[in-house]
Structures are given as C-alpha cells and as structure tokens.
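Residue strings, one per chain:
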Amino acid sequence: MSVRTRFAPSPTGMLHIGGARTALFSYLFARRHGGKFLLRIEDTDRERSTPEAIRVILEGLAWLGLSWDEEPVYQSRRAARHLEIAERLLAEGKAYRCYCTKEELEAMREEQRRRGEKPRYNGRCRHREDHPEDRPFVIRFKAPLAGETVVNDLVLGRVSFANAELDDLILVRSDGTPTYNLAVVVDDHDMGITHVIRGADHLSNTPRQIQIYEALGWQVPAFAHIPLILGPDGAKMSKRHGATAITEYREQGYLPEAIVNFLARLGWSHGDQETFTMEELEQLFDLGSVGKANARFDPKKLDWLAGWHMRRADDARLAELVKPFLARIGVDEAALARGPELVALMPLLKERAKTLVELAELAKPFYRAPEDYDEKAVKKHLRGAAWELLARFVQEAEALKDWNAEALHALIRRICEEAGAGMGKLAQPIRILLTGRAVSPPIDATLALIGREESLRRLRAGMRRLQS
RNA sequence: GCCCCCAUCGUCUAGCGGUCUAGGACGUCGCCCUCUCACGGCGAAAACAGGGGUUCGAGUCCCCUUGGGGGCGCCA
C-alpha cells in the first residue's frame, strides 16, 4: 500500500514554527516513499476558525515548498459523515447517550482532583436504560475498562496505556456536532492515511483513537509522534521567544530553504551532515532517525544556515527576491534603473548577508548616496593623512583610463605605497565616503560598480562635508 | 495530583555492548588570510544528570531518583 500522510492544522491562528516542522516531516516522509502528502483543515471549532488563518497557513506551506497533493479536506464539511459513524457506534452498542450536565462533570472532576485522582468521566450514564426525550445529551464512546492499549510508535517505540486510565470520551456534543477525536479517526480513515505524523502533544490522544478504530473494525494507521520544539530557554515556544509564526521569518528575509533545513535538523539527523537542500531531504528523510527528545530553537544556528543557503542561492533569483526589501528602504525601480545591474551585485553581497533584509541593506549604497556617515567610522578613519590620500585619489581617478576593479586596485595601491601607508589608510576613507559605513564589499569592486561619475561625486561631497 | 514521554558539550546532534582517551555542527575564545565586513583555514575550552544493577565489558540494556516536556475540555 502506498504511503499517504497528512498535515491537519486547526486554523485558529498562524502557521507556527512547530506546525511547520510537523508538516515538513509529513511531507518529506511521503515524498521519500513516493506517497501522497495531504492537507486537512480542522476547522470544526466554530468560533475560532477564520478564513484568514486558513489562507496564512496555506501560504506558509507553499512558501516553504511543501506542496500538497489532492484538494485540502475541510473537516467542517464532513460533519454528516462523522455523525453517521457515531450513530453506527450507538447502534452497535459501542457508544451511549450521556445526560450529565457540564456542571455535574465539573463537580465530578473537582472531587477526583481533591482525592488525588486523574480527573475523568466515571461512566455514570453508561448503563442507563431510559432516554429522557427532553434532556440534552452527548454521545460517549464506550471504552474498554480493562486491559491496555498499545501504541507502536515509529519514533517512540512501544507505549502502553492502561485502559482503566482512559475514560469514555465524548464523540458528539450536545449541540449535535462531532468532536475532534471522532473526526480525526473518521477523516484519517476516509482519506486513506497510512501514517499519522504529528506532535508528541497528541500522544495521549492516540490510545483513545486506536480504540475507536478498533471498535469500528478499521485498519489502525501507523503513528509517529515527533518531539516538540521548545524555546531557547527550554520553555514552550511563545511570542516571548521572538518570532513563532512562519510568516515572520519570511518578513525578516529568511530564505525558505534555510528554514526548511533548520527545521529538518531539529529532531532529525543524518550522520554528521548539517546542510541539506529540499531535494536531499526528500531523498534521505526517515522516521527512524528522528530523535525522541524535545529540541530547543536556536536562532544562532538558523542564522548560520541562512547564510549558508544565501551564499549558494541563484543570483538572478536573489535579485528578484530582494526587490521588495529594497523598496522598503527607499530603493525603488527608478533608483535601481540608475545604478548597476542588481544581479551583478549578488555574488559580492550574498557572501555577506544572511537574510534578504541584510542583502537589501548591503545593496542600498549602490543606488543611493549616503545620507549620513557612521560616526565611529568617520572618527577612526577620516583624519590626518586620509584627506591627502583622498585628494590624490580623486585627482588621479578622474583621469584613470579604465574604470574597473583591477585598475582601481592598482591605483589605490600605488598611492598608498608612495605615501608609505597601508591600503586601509585609503580604502577605508573611500568606503565611508562612498557608502557611509565602514563595511562593504572590496573597495575596488565597490568603486567599479558605483561608477566613475557617481563615485567621484560622492567623494567630493563627502570631503566637502566632513573635512572641516 | 494522576497518566504518558524524554535525558550525550551552552544549543542541535553522531553513537544502535567492546572500534569512545565520546565524533560533527552552531555558538564562544585564540591564530591565520586581509582594504573593511564577511567567507575560508587552523586550533582551544566544552557533554555521557545521579545512584543501583545485568555483563568479562556499559554513553549504549534494566530499575530507582532527579530534572525537563506533554496530557488530564461538550478545544483541536
């Protein structure tokens, strides 16, 4: 039987970093085995589900490159089928009507907690014979009372639960709507899901779901519960830890392949290999190499991976991707048209950037003259002999035959040698006047790309402004 | 409180009884390269949570303790 996995987010918020990884693992497992990766939107929480959240989740998955097969299934549209199954269970005596009120249940739980027990339904209505017509009821699953239910987890191994620990869970609410545990089982079955890959926070639901499968006589899928992602401090990921939504990383200019690589290595490993492309992951991923322990989110490692993928990214693609980020900082299409080809800058800049935001910052000086100058840099480099060297440079550069990196490099070197100074004595002043900062690609390349006219104009303007 | 899961450098991890004087990567700290920043190269510090077993032999198997995490809804 061919593999079918699914990602089943509830659209009550954003696509969380943890959800993204669950989706990634499900996707990779399906691809690796030549199977299908499906989507199911669990939008049965009538109040909290929003179309906006659905859009954001689908967009996030697409951005990461997690393409799904077949049309997404909307759980809310399948209520009739869920209810049909509940009725079947009822008819077969595997479920029953429970007339207990929420207040009664709360009191029951309170009492159990007080006695140090695990709060759970005590089965009061289990053997009830009467069916009061006028009272609201829920449908409960008649769970086995003795024995144990075993989960043979692909990541965790054998996990067993005493059936006595599991109570009769609600399948259908008093308002007639199906609950999660019923819906997942029915949907996973109907969708032909062979492998349920989800966060370890679902582990305790699993024995109950297995019991439902068994009551229905359905094939139980394989389960794989993957460890959770914790914040850098070991606590549950929250806004306090910075970005938790996948969209925030896109906003910050991270390349999707960097996020994918990072997420994949959080919990999964392949020997000593750290860097992976999506193609490699689709070849190599397996559940057996997924660790059991929770992992902490390490932003430093993400940044390193981001730089690694940036350096290897295609120049033309980067040039396109960086445009919106340039626009944000005042470099529009018109400005781009006046400067060098964006794509020509990429080999120089991508070496120095981890994100598209940084890439845009680095590109900006090639299209706009500095508005101000880094104060510390000015104090450090623009003093004493710098002005004389600059003056000589401007003078000679004006007459330079070929305005290219090689010629400029030779000129700067000559001037410095003649003055008995290191190249930095001239390169840094030029850099600051050209870009406003002490950091840029090699000075000869920077000058060459900015061009003779604009370079000289900036140098003169800077000298006028700062040489007091 | 009860149930379940987990436990190797600060972090992600390799390790699937002997090849471990515990390997890699990020980060950190040196040094080199160098016109700046990066990249790159070299090197260093840094871990098997604790205690019992099993075994000729335990990071690797079992138990306990401790610590972390998850769950205990008419949420998903």
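Residues numbered from 1 in each chain as written. Chains lettered and ligands numbered in written order. Predicted model: local features only at pLDDT ≥ 70, side-chain atom pairs only at ≥ 80, totals over all residues. Heavy atoms only, no water.

**Notes on the packing of helix H11 (residues 315-328) against helix H13 (residues 342-349)**
The criterion, for reference: Between N-to-C directions, angles cover 0 to 180 degrees, with each direction set by a line fitted to C-alpha atoms, over the stretch in contact for helices. Helix and strand labels come from DSSP, where a helix needs a run of H or I of at least four residues and a strand needs a run of E of at least two; each type is numbered from the N terminus. Throughout, the term roughly parallel applies to angles under 35 degrees, roughly antiparallel to angles over 145, roughly perpendicular to angles from 65 to 115, and oblique to all others. The contact criterion used is simple: two residues touch if any of their non-hydrogen atoms lie within 4.5 Å. Ten residue types, Ala, Val, Leu, Ile, Met, Phe, Trp, Tyr, Cys and Pro, are classed as nonpolar, four, Asp, Glu, Lys and Arg, as charged, and the remainder, Gly among them, as polar.
Relative orientation of the contacting elements H11 and H13 amounts to 100°, with a least axis distance of 9 Å. Taken together, the axes of H11 and H13 lie roughly perpendicular to each other. Contact with H11, carried on its side by Asp-315, Ala-316, Leu-318, Ala-319, Val-322, Lys-323 and Leu-326, involves Leu-342, Val-343, Met-346 and Pro-347 of H13 and no other residues of that element. Class assignment for the residues of the contact of H11 with H13 results in nine nonpolar, no polar and two charged.

**Section: unusual backbone geometry**
Put simply, the rule is: For every residue, the accessible area obtained with a 1.4 Å probe (protein chains only) is divided by the maximum for its type, and the residue is called buried under 20%, exposed over 50%, and partly exposed between those limits.
Within the chain, Glu-70 stands out as a residue other than glycine whose phi angle is a positive 65°. Residue classification places Glu-70 among the partly exposed positions, given a relative accessible area of 43%.

**Observations regarding the protein's contact with RNA strand B**
Rules: When we say a residue is near a molecule or strand, we mean one of its heavy atoms is within 4 Å of it. Residues adjacent in sequence count toward polar contacts only when both atoms are side-chain atoms; beyond that, a polar contact is any pair of N or O atoms within 3.5 Å, and within protein one must be able to donate a hydrogen and the other to accept it.
In the vicinity of RNA strand B lie 63 residues, with Gly-116, Arg-173, Glu-351, Arg-352 and Arg-431 positioned nearest. Among the atoms of RNA strand B lying within 4 Å of the protein, the sugar-phosphate backbone contributes 72%. Asn-205 places a polar side-chain atom, nitrogen or oxygen, 3.2 Å from a base nitrogen of RNA strand B. Listed by contribution, the elements that provide at least two residues to the surface near RNA strand B are helix H4 (102-114), strand E7 (157-162), strand E12 (295-296), helix H10 (299-312), helix H18 (424-435) and helix H19 (443-450). Looking at the surface near RNA strand B residue by residue, the classes come out as 22 nonpolar, 16 polar and 25 charged.

**Quick word on the environment of Ser-2**
If you trace the backbone, Ser-2 turns up in the segment before strand E1 (4-7). As a C-alpha pair, Ser-2 and Ala-438 span 436 residues in sequence and 58 Å in three-dimensional space.

**Brief notes about the domain arrangement of chain A**
The accessible area lost on association of the parts is a frequent measure of interface size. Let me state the cut-off plainly: Boundary definitions for the domains trace back to an automatic or database domain assignment. A pairing counts as a salt bridge when a side-chain nitrogen of Lys or Arg comes within 4 Å of a carboxyl oxygen of Asp or Glu.
If you check the domain split of chain A, you get domain 1 (77-226), domain 2 (246-366) and domain 3 (375-467). Domain 1 and domain 2 are separated by 44 Å when their C-alpha centres are compared. The interface formed by domain 1 and domain 2 includes zero salt bridges. At the boundary of domain 1 with domain 2, the tally comes to zero residue pairs in polar contact (both at pLDDT 80 or more).

**Topic: a positive patch on the surface**
This is how the line gets drawn: A patch consists of residues exposed above 30% relative accessible area that lack any salt bridge, with like charges linked at up to 9 Å and nonpolar side chains (Val, Leu, Ile, Met, Phe, Trp, Tyr) linked at up to 5 Å. For the accessible areas, the method is Shrake-Rupley and the probe is 1.4 Å, while residue cover comes only from the protein chains on display. His is not counted, nor are the chain ends, whereas Lys and Arg count as positive and Asp and Glu as negative. Think of each charge as sitting on NZ of Lys, CZ of Arg, CG of Asp or CD of Glu.
A grouping of Lys-376, Lys-380, Arg-383 and Lys-425 is seen on the molecular surface, where their side chains present a positively charged patch. With respect to the helices and strands, Lys-380 occurs in helix H15 (residues 375-381). Relative accessible area serves as the criterion here: at 56%, Lys-380 is assigned to the exposed category.

**Brief notes about the side chain of Asp-444**
Inspection of the secondary structure assignment puts Asp-444 in helix H19. Although buried, Asp-444 forms no salt bridge, and the nearest oppositely charged side chain, Arg-431, lies 7.7 Å from it. Not counting residues within four places of it along the chain, the set of residues in contact with Asp-444 comprises Ala-405, Leu-408 and His-409.

**What to know about the state of the cysteines**
Here is the rule: Count a disulfide wherever a pair of cysteine sulfur atoms falls within 2.5 Å.
In this structure the tally under the stated criterion is zero disulfides. Of the cysteine sulfurs around Cys-98, a residue in no disulfide, the closest is that of Cys-100, at 3.8 Å. Cysteine Cys-125 shares no disulfide, and the gap to the nearest cysteine sulfur, in Cys-100, comes to 3.6 Å. On the basis of relative accessibility, which here comes to 2%, the residue Cys-125 falls in the buried class.

**Looking at helix H20 (residues 452-466)**
The following threshold applies: By this rule the span expected of a helix is its residue count minus one, scaled by 1.5 Å.
The end-to-end C-alpha distance of H20, which contains 15 residues, comes to 21 Å, matching closely the 21 Å that a straight helix rising 1.5 Å per residue would cover. Each element contacted by the buried residues of H20 is listed here: helix H16 (385-398), H18 and H19.

**Observations regarding the packing of aromatic side chains**
Put simply, the rule is: Here the aromatic set is Phe, Tyr and Trp, taking the six-membered ring for Trp, and pairing holds for ring centres within 6.5 Å; pairs whose planes are under 30 degrees apart are stacked, those over 60 apart are edge-to-face, and all others are tilted.
Under the definition given, this model contains eight aromatic pairs. Their ring planes at 90° and their centres at 5.7 Å tell us that Tyr-27 and Phe-37 sit as a pair that is edge-to-face. Highlighted residues: Tyr-27 in helix H1 (residues 17-32) and Phe-37 in strand E2 (residues 36-41), separated in sequence by 10 residues. Across this residue pair, the class does not change: Tyr-27 and Phe-37 are buried. Summarising the aromatic geometry, the rings of Tyr-249 and Phe-297 are spaced 6.1 Å apart at their centres and angled 50° between planes, so their arrangement reads as tilted.

**Remarks on the layout of surface pockets**
Put simply, the rule is: Using protein atoms alone on a 1 Å grid, points that fit a 1.4 Å probe yet trap it form a cavity, whereas open point sets bounded by protein on both sides within 12 Å along at least five of seven lines form a pocket; residues with an atom within 4 Å of a point count as lining. Grid points are joined across faces, edges and corners, and a volume is the space filled by probe spheres set on the points.
In this structure, the largest pocket occupies an estimated 1,200 Å³ of space. For the largest pocket, the lining is made up of 43 residues, of which Ala-8, Pro-9, Ser-10, Asp-201 and His-202 are closest to its centre. Counting residues per element, the ones that place at least two in the lining of the largest pocket are E1, H1, helix H5 (180-190), strand E9 (195-199) and strand E11 (229-230). Counting residues per element, the lining of the largest pocket draws most heavily on H1, at four residues. What the second largest pocket holds in volume is close to 340 Å³. As for the second largest pocket, its lining consists of 17 residues, and the residues nearest its centre are Cys-100, Lys-102, Leu-105, Val-138 and Ser-174. Elements with a minimum of two residues in the lining of the second largest pocket: H4 and strand E5 (138-141). Residue contributions to the lining of the second largest pocket peak at three residues, all from H4. Looking at the lining of the second largest pocket residue by residue, the classes come out as eight nonpolar, two polar and seven charged.

**Description of the sheet that holds E2**
Quick reminder of the rule: DSSP calls a pair of strands paired once it identifies at least 2 bridges connecting them.
Strand order in the open sheet formed by three strands is E1-E2-E3, and the pairing between neighbours is parallel. Unpaired on one side and paired on the other, E1 and strand E3 (73-74) mark the two borders of the sheet. Strand direction decides the pairing type here: E2 and E3, joined by two bridges, are parallel. What sits directly across from Arg-40, in E3, is Val-73. Of the strands in this sheet, E1 and E2 touch H1, which is tilted by about 165° from E1.

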